[in-house]
Amino acid sequence: MSKFIEPRPFSADPAFRFDNDLDVAAATPGSSQPRGDRNTVSRQVQARGKGRRSGARAGRENPNSRRRGVVQFFPLLAALVAVPVLGFSLSAFFFGGGGQVDEGVLLHTVGREHVQVTVIERGNLQSQTNREIHCMVEDVQRDGINGTPILWIIPNGSSVNEGDLLVELESAPMREALDEQMLETEDARSTQIQAEANYNNQIVQNETSKAEAELQVQLAKLELEMYTDDESGTHKLAVEEIKRSIDEVNNQILEAQATLELRRDDRRGIDSLYKLGYANRNELRKSELAFLQAEGKYAAQLNKLETSLATLRKKENYEREMELLRLRGKLQTAQRGLEQTLRNNEARLAQVQAILRARTESLKKEEERLERYTEQLAACKIFAPEAGMVAYASSRNDEIREGMPVRFRQHLMSLPALDKMQVQTAVHESDLEQIRIGMKARITVDAFPGKEYIGTVQSIAVLPEQNGWRGSETKVYATTVTIDGTVDQLKPGMTAVTEIMIDSVEDALTVPIQAVIERDEQTWVLIRQNDQLIGQPVETGRQTDSVVQIVSGLSDGDQVALNPRQFVDDVLGDDS
């Protein structure tokens, strides 16, 4: 909630500005002036481009630094200045360092008070949260319009709640583009599904061909091992079989040889009997035939034995080498076939995988385009993201109204939150070292002069503003002061005055700022003593726009002149 602070009274009296003297603020001893009048003076000074500032200059090497101020002429002082002979009459009172106080001397009684050191700057109100609304609809090139036309827009300055419709843009071209994109997305999805099926089929085919090639390698290895096995290999078995047949032939040869011997003996016996007449010719011929048969059988077995021995030699010497070469070549061929199969499988898989990846990326792009068109169609209606007041974007080239086309990302309006406000001001470089983030400030708004708000310094710019209204020679730093709590009736752009509270001094001995003068690097006041004005050197401390803290040189109850510049030459002398 807004906090209100009672205006602090301060003195005001006419003052003059001379070279080598402090600037004098308008104050009159013993009188109080509302803060609204001070703001009026501040506005007058800023209108002249002098940048009114007030506040303490604590911690500086020269505490008597000069300040710019406002010179006001009261009728009495104007009359005193207008009389040229007044200086000569006053010199009679003060010549020689003393004299009675003239009626033209304005006196002020020194006292103690609470001193609030502040820096006052003017600025403009802004919302703490200013949500910008942009056109997020891309231009559809096919419609022949540069931009997207506004069908309806909420009036400027309207108050809206979260979710209220702000702007409706032309959506027909975007809807048509969305329909076409839906068809293209479905085509891309169908192609991607087919590519994925081809990829899965290729994986199965690769596994099948690989298994077949590996089987051929294993069979070739087994066949070679089976042929070369020394115990039960096919070659050994074939050799042993030939050797067994040779043994059988040898047995048959022995049998044929015995039969041949027997038939030879029979023929001899029959031949002897035939010669003796005991056997006829038929029996002789039979015995000869039997002998010839036995002799032929014996010769046949000998031939068979030679054939078996030749077969054994061929098997051991030639057929074995030939079969080894064939089996080893078959194994190598199977191994190379496996390698070729693996490479072919890898190439085919990479091919279908690339096709699948391309189809998947194409589908992804089409889906992204579909999603973007869907979002673009939804963006044709812009709703308020939060509550606030509608403020159209101001531009020389872009007009915001119904029927006008707007570009993609063009700033349409802003929604400043009116319950949280801040003041954007600028602080002079001479006051910058005193201000810290987090300091409290009193804020008044010109539109509501009777209200004061409490604020907090939120940020201070690191670099000065360039080409400001104060002039290129003046360095000012942008400063943001947030208003604490919530407010009502305040609008962005209103003029506000921020009074940043730098420091406060309790029970400080003070004099009006116009009572202090500077002469020869020494700070002086003119005090009344025995009905005479005498010069009194003082040491100053904190100062505001109206009073200066006196650290030493004065006491409670002392009376000081409020118009010392009229009498300083007579009291201190021209050469002092």
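What you are looking at is a predicted structure, and each value in this text was computed from that prediction instead of being measured.

Asker: Outline the overall build of the protein chain, listing residues and values.
Answerer: Within the protein chain one finds eight helices and 22 strands. With 576 residues in all, the protein chain has 39% of them scored as buried. In the protein chain, the proportion of contacts linking residues at least 24 apart, taken out of those at least 6 apart, comes to 78%. For the protein chain, the computed accessible surface area is about 32200 Å², with 49% contributed by carbon and sulfur atoms.

Asker: I'd love a proper account of the side chain of Gln-410, names of residues and values included.
Answerer: If you trace the backbone, Gln-410 turns up in the loop between strand S10 (405–406) and strand S11 (411–416). Among the polar contacts made by the side chain of Gln-410, one reaches the main-chain amide nitrogen of Arg-407 at a distance of 2.8 Å.

Asker: Let's hear about the pattern of salt bridges: which residues, and what values?
Answerer: Note that side chains of opposite charge can pair when their charged atoms are close. If you walk through the whole model with that rule in mind, you get 24 salt bridges. A salt bridge links Glu-261 to Arg-264, with the nearest nitrogen and oxygen atoms 2.9 Å apart. One end of the pair, Glu-261, and the other, Arg-264, are both in helix H5 (residues 234–276), three residues apart, so they sit about a helical turn from each other. In this structure, the salt-bridge partner of Lys-315 is Glu-319, at a minimum N-O distance of 2.7 Å. With Lys-315 and Glu-319 both in helix H6 (residues 281–379), this residue pair falls four residues apart, about one helical turn. Here the salt bridges share partners, and the residues they tie into one network are Glu-223, Glu-323, Arg-326 and Lys-330.

Asker: Describe the pairing of strand S16 (residues 495–512), naming the residues involved and giving the relevant values.
Answerer: Counting buried positions along S16 gives 13 out of 18 residues, so the element sits mostly inside the fold. When strand S2 (residues 111–127) meets S16, the two strands line up antiparallel, connected through 13 bridges. The partner of Val-115 across the bridge, within S16, is Val-505. As defined by bridge partners, strand S13 (residues 440–445) adjoins S16 across five bridges and the pair is classed as antiparallel. By the bridge assignment, Val-445 is partnered in S16 with Ala-496.

Asker: Give me the packing of helix H4 (residues 172–228) against H6: which residues, what numbers.
Answerer: The geometry of H4 relative to H6 is characterised by a closest axis approach of 7 Å and an angle of 165° between their N-to-C directions. In terms of orientation, H4 lies roughly antiparallel with respect to H6. Crossing of H4 against H6: the hand is left-handed. Residues belonging to the contact of H4 with H6 are distributed by class as follows: 27 nonpolar, 19 polar and 19 charged.

Asker: Which residues make up the sheet that holds strand S3 (residues 130–134), and what values do they have?
Answerer: With antiparallel pairing, the three strands of this open sheet are ordered in space as S3-S11-S9. Whereas interior strands pair on both sides, the edge strands pair on one side only; in this sheet they are S3 and strand S9 (391–392). Sheet topology note: the S3/S11 ladder contains five bridges and is antiparallel. Looking at the pairing, Ile-133 lines up with Met-413 of S11.

Asker: How would you summarise the packing of H5 against H6 if you had to cite specific residues and measurements?
Answerer: Each pair of packed helices can be described by the angle between their axes along with the distance between the axes. Running from N to C, H5 and H6 point in directions that differ by 165°, and their axes come no closer than 8 Å. Between H5 and H6, the angle falls in the class roughly antiparallel. Seen from above, H5 lies across H6 with left-handed handedness.

Asker: Quick one: what's the story with the nonpolar core, residue by residue and with numbers?
Answerer: If you look at the biggest cluster of nonpolar residues, it comprises 26 residues, and the most contacted ones within it are Leu-166, Val-167, Leu-169, Leu-412 and Met-413. Looking at this core, the elements that each hand over two or more residues are strand S4 (148–153), strand S6 (165–169), H4, H6 and S11. Among all residues touching Leu-169, those that are not within four sequence positions of it are Cys-135, Val-137, Thr-148, Pro-149, Ile-150, Leu-151, Ala-379, Cys-380 and Val-406.

Asker: Any details on the sheet that holds S10? Residues and values, ideally.
Answerer: A sheet is described by the order of its strands in space; here four strands give the open sequence S7-S6-S4-S10, paired in antiparallel fashion. Each edge of the sheet is formed by a strand with only one pairing partner; in this case those strands are strand S7 (381–383) and S10. As paired elements, S4 and S6 share three bridges and run antiparallel to each other. When the sheet's bridge partners are listed, Trp-152 is paired in S6 with Glu-168.

Analysis parameters
Residues numbered from 1 in each chain as written. Predicted model: local features only at pLDDT ≥ 70, side-chain atom pairs only at ≥ 80, totals over all residues. Heavy atoms only, no water. Helix = DSSP H or I, 4+ residues; strand = E, 2+ residues; numbered from the N terminus. Buried < 20%, exposed > 50% of the residue type's maximum accessible area, 1.4 Å probe, protein only. Contact = heavy atoms within 4.5 Å. Areas by Shrake-Rupley, 256 points an atom, 1.4 Å probe, with all protein chains shown as cover. Polar contact = N/O pair within 3.5 Å; in protein donor to acceptor, adjacent residues only side chain to side chain. Salt bridge = Lys/Arg side-chain N within 4 Å of Asp/Glu carboxyl O. Pairing = 2+ DSSP bridges. Axes fitted to C-alpha atoms, helices over the stretch in contact; angles between N-to-C directions. Parallel < 35°, antiparallel > 145°, perpendicular 65-115°, else oblique. Left-handed = near helix turned anticlockwise from the far one by under 90°. Nonpolar A, V, L, I, M, F, W, Y, C, P; charged D, E, K, R; others polar. Core = buried A, V, L, I, M, F, W, Y, C linked by side-chain atoms within 4.5 Å.

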